[in-house]
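Summary of structural features
Below are the chains, spelled out letter by letter.
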Amino acid sequence: METLQYKDFGVDIDEGNHFVQALKPLVKDTFSPFVLGGLGGFSGCFAMPTNYKNPILCAATDGVGSKLSLALAYQKLDSIGIDLVAMCVNDLICDFATPMFFLDYYATHKLISTDALRIVRGIAEGCKQAQCALIGGETAEMPSVYAKGDFDLAGFAVGIAEKEDIQKRANITHGDIILGLPSNGFHSNGFSLVRGIIDTKHIDVERDFLGEPLIDSLLKPTRIYVADFLRHKDTIKGLAHITGGGIQENLIRILPDNTQAIIDENAIQIPEIYQLFLPHVTKEEAWRVFNMGIGMAVIVPKEYAQSVAESMQASIIGYIQTGSRQVIIK
């Protein structure tokens, strides 16, 4: 009787084992003293830091969205892992949580170790920028689920915060200043619209743009703001990661009742790459979908605004005033 093997149906256990051995040095390079054990166990283990009075754990998960398909189409895989980490850790710091560790999930039609290692190198680099450890992950070959050449990524991050710190945003009040930390461009949001414009308006993404191929500018990785947060977390009152929904729909999430944010549109320096796409959408749509050059909004007391802005290389883009809970861009 003919016998069958897993490999006959597209799953190569040996290739998976070789991949794990190859990525071990990359992962180990992200470890902190709190990591217990090494890669290869059934779970990643991490010791709780002890220098907290009333610690709470915060968790975030995300993917890279449609940016992934653009990176895959042009085989630009080296920085997509940074995006994966950034989308999670940038959310954590909005709850005043210091990222501790990260895990990834990589699912594909067929595991190609060289491609997978390019992605994991990006994840490891993102973890270094976020000052957190990559303590585990999962790789899955699923030829019956994914089309040939396709894959998907998901990331999971856990951070730690003082319980009272997550209430800091309740102290946001009239007179506070809103700083805008610049983005690297589109980051990881709005790429369904970006790709739609590219396809329908026949934009050549391999053309030169400011000295490099346009595709490279489009795929610049999401900026990670952890270091900025850690330097100034005792001064900051609130942070808003500007992702899908733009400044208005993300900044309002941290406003207390009876406060409103006034954003000065002219204070925001919109990256030049946006000028290739903005003519093809309404202004309202652009501000709702894209970050428009601001990757993180930070609220600080007025007396600290200038010094914090200089330290973060941020700009003052608005202020808080008493009023109905809303974000006004004018």
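If you're wondering where the values come from, they're calculated on a predicted model, not measured in any experiment.

1. Focus: the overall build of the chain
Per the secondary structure count, the chain includes 10 helices and 14 strands. Here the chain has a C-alpha radius of gyration of 21 Å; the compact-globule value for 330 residues is 20 Å, and the two agree. Along the first, second and third principal axes, the C-alpha atoms of the chain reach 80 × 55 × 35 Å. Counting all 330 residues of the chain, 50% fall into the buried class. The long-range share in the chain, meaning contacts at least 24 apart out of those at least 6 apart in sequence, stands at 85%. Roughly 15,700 Å² of accessible area belongs to the chain as shown, and the carbon and sulfur atoms make up 51% of that amount. Here the chain contributes 28 positive and 39 negative side-chain charges, whose respective centroids are spaced 4 Å apart.

2. So, the environment of Ile-166
On the secondary structure map, Ile-166 appears in the loop between β6 (151-162) and β7 (177-182). Between the C-alpha atoms of Ile-166 and Pro-33, which are 133 residues apart in sequence, the distance is 26 Å. Those residues in contact with Ile-166 that lie beyond four places of it in its chain are Ile-56, Asp-95 and Ala-161.

3. Thoughts on the state of the cysteines
For the structure shown, the criterion picks out zero disulfides. Not part of a disulfide, Cys-88 finds its nearest cysteine sulfur in Cys-132, a span of 9.3 Å. Look at Cys-88 and you get buried, because its relative accessible area is 0%. Of all cysteine sulfurs in the structure, the one in Cys-58 sits closest to Cys-94, which takes part in no disulfide; the separation is 11 Å.

4. Structural notes on the pairing of strand β5 (residues 133-141)
Summarising the sheet, strand β4 (residues 98-108) and β5 pair through eight bridges and their orientation is parallel. Its bridge partner being in β5, Tyr-105 is matched across the sheet by Glu-138.

5. So, the environment of Ser-315
When you line up the elements, Ser-315 lands in strand β13 (residues 315-322). Among all residues touching Ser-315, those that are not within four sequence positions of it are Ile-178, Leu-179, Gly-180 and Ala-267.

6. Focus: the packing of aromatic side chains
Inspection of every chain in the model, using the stated rule, returns nine aromatic pairs. Note on Phe-186 and Phe-191: the rings are 6.1 Å apart at their centroids and 70 degrees apart in plane angle, and the pair reads as edge-to-face. The two residues Phe-186 and Phe-191 agree in class, both being buried. With 5.0 Å between their ring centres and 70 degrees between their planes, Phe-186 and Phe-290 make a pair best called edge-to-face. Taken as a pair, Phe-186 in the loop between β7 and α5 (191-200) and Phe-290 in the loop between α9 (283-289) and β12 (294-300) lie far apart in primary sequence, 104 residues in all. For the pair shown, Phe-186 and Phe-290 are each scored as buried. Put simply, the rings of Phe-186, Phe-191, Tyr-274, Phe-277 and Phe-290 pair up and form one aromatic cluster.

The rules behind these values
- Residues numbered from 1 in each chain as written.
- Predicted model: local features only at pLDDT ≥ 70, side-chain atom pairs only at ≥ 80, totals over all residues.
- Heavy atoms only, no water.
- Helix = DSSP H or I, 4+ residues; strand = E, 2+ residues; numbered from the N terminus.
- Rg over C-alpha atoms; globule rule 2.2 N^0.38 Å.
- Buried < 20%, exposed > 50% of the residue type's maximum accessible area, 1.4 Å probe, protein only.
- Contact = heavy atoms within 4.5 Å.
- Areas by Shrake-Rupley, 256 points an atom, 1.4 Å probe, with all protein chains shown as cover.
- Lys, Arg positive; Asp, Glu negative; His and termini not counted.
- Charge placed at Lys NZ, Arg CZ, Asp CG, Glu CD.
- Disulfide = S-S within 2.5 Å.
- Pairing = 2+ DSSP bridges.
- Phe/Tyr/Trp six-rings, centres within 6.5 Å; stacked < 30°, edge-to-face > 60°.

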